[in-house]
Amino acid sequence: MKAAVLYSGGKDSSLVAVILQKLGYQVELVTANFGVFPSWKSAFKSASNLGFKHRVLKADQGIIDESVDLILKDRFPNHGINHVHREVLKRVAEDYPVVADGTRRDDRVPKLDLNEIQSFEDSQSVQYLNLAGLGHKTINQLSEQFFKLVKEPTSIKNNSDYEIEIRCLITKREGKTAASKLFPPHIQSRVIGWRKDEQK
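Cut-offs and rules
- Residues numbered from 1 in each chain as written.
- Predicted model: local features only at pLDDT ≥ 70, side-chain atom pairs only at ≥ 80, totals over all residues.
- Heavy atoms only, no water.
- Helix = DSSP H or I, 4+ residues; strand = E, 2+ residues; numbered from the N terminus.
- Buried < 20%, exposed > 50% of the residue type's maximum accessible area, 1.4 Å probe, protein only.
- Contact = heavy atoms within 4.5 Å.
- Pairing = 2+ DSSP bridges.
- Axes fitted to C-alpha atoms, helices over the stretch in contact; angles between N-to-C directions.
- Expected span 1.5 Å × (residues − 1).
- Arc of directions from axis to C-beta.
- Polar contact = N/O pair within 3.5 Å; in protein donor to acceptor, adjacent residues only side chain to side chain.
- Core = buried A, V, L, I, M, F, W, Y, C linked by side-chain atoms within 4.5 Å.
- Phe/Tyr/Trp six-rings, centres within 6.5 Å; stacked < 30°, edge-to-face > 60°.

Draft legend 1. The arrangement of the side chain of Glu163 in detail. By secondary structure assignment, the location of Glu163 is in helix α7 (residues 162-174). Using a relative accessible area of 10% as the deciding quantity, one classes Glu163 as buried. Glu163 has contacts with Thr154, Phe183 and His186, leaving out every residue within four places of it along the chain.

Draft legend 2. Representation of the sheet that holds strand β1 (residues 2-6) within the structure. Within the open sheet, the five strands sit side by side as β3-β2-β1-β4-β5. Their pairing is parallel. With one partner strand each, in any of the chains shown, β3 (53-58) and β5 (127-131) form the two edges of the open sheet. Each neighbouring strand pair of the sheet contributes to a mean axis angle of 30°, computed without reference to strand direction. Relative to strand β4 (residues 98-104), β1 is paired through three bridges, and the arrangement is parallel. Paired with Ala4 across the strands is Val99, a residue of β4. Together, β1, β2 (26-33), β4 and β5 form the strand contacts of helix α1 (residues 11-22), whose direction differs from that of β4 by roughly 135°. Together, β1, β2, β3, β4 and β5 form the strand contacts of helix α4 (residues 78-93), whose direction differs from that of β4 by roughly 155°.

Draft legend 3. Looking closely at helix α3 (residues 61-74). With 14 residues, α3 ought to run about 20 Å at 1.5 Å a step, and its terminal C-alpha atoms sit 20 Å apart, in line with that. Looking at α3, one finds that the buried residues are Ile63, Ile64, Ser67, Val68, Ile71 and Leu72. The buried residues of α3 occupy an angular sector of 165° when the element is viewed end-on, so they sit on one face. Elements in contact with the buried residues of α3: α4, α7 and α8 (176-182).

Draft legend 4. Region of interest: the environment of Val36. Residue placement: Val36 occurs in the loop between β2 and α2 (40-50). By relative accessible area, Val36 is classed as buried at 17%. Those residues in contact with Val36 that sit more than four places away from it in its chain are Gln61, Ile64, Glu165, Cys168 and Leu169.

Draft legend 5. Spatial organisation of helix α5 (residues 114-124). Near the N-terminus of α5, the side chain that reaches the backbone nitrogen of Asn115, with its oxygen 3.1 Å away, is that of Asp113. Of the residues one or two after α5, Ser125 is the one with positive phi, at around 55°.

Draft legend 6. Fine view of the nonpolar core. One finds Phe34, Val84, Val88, Val92, Tyr162, Ile166 and Ile170 to be the most contacted residues of the largest nonpolar core, which totals 35 residues. For this core, the secondary-structure elements that each account for two or more residues are β1, β2, α3, α4, α5, α7 and α8. Among residues more than four places away in sequence, those in contact with Val92 are Ala4, Leu6, Val30, Leu57 and Val99. By size, the runner-up hydrophobic cluster in this structure holds 22 residues, among which are Val27, Val98, Leu131 and Val191.

Draft legend 7. Molecular detail of the packing of aromatic side chains. The full count for this structure, using the stated rule, is four aromatic pairs. Taking the centre distance of 6.0 Å and the plane angle of 40° together, the rings of Phe146 and Phe147 count as tilted. For Phe147, a relative accessible area of 3% translates into the label buried.

Structure (structure tokens):
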């Protein structure tokens, strides 16, 4: 059975892809792009290094425009990022019977609550899978077992999260300082390949 994993190139989405593949699913990694900036390139490199099929999902820019409206209204990114995530999940569910992402137990955003998950599965007639039972320490341990990782400050060149295109739009609307206040610098882990003793 085909399974789409919403893919950023990070350890969480890479780990859920490996788990599903080992369970026998035909895994395709999917990165949404809204035409604002080619943020999918980093995820494509990570997917290629792991040997997974990768697809760029061309999504409606209106979705990310709505997200930016929410973020600028709240002066906080969580609702806006969750909006994008819900819309991308619905779009991916049109093409796959199983949809997964790398959200884990201690994530705050993007994340669906239990009622949203049930509603999503029922309304879209799909199975939805994630890492909700696993916490940060477990994810780190498992990821280091499977993958070569690089930890680096996040930037438009090494990140395929929704945040990148959102930041670009906020910069266009309100300037770089506004975008930096809403999305302060942080370190991310990017997957660059398999550990020597691990193979797909």
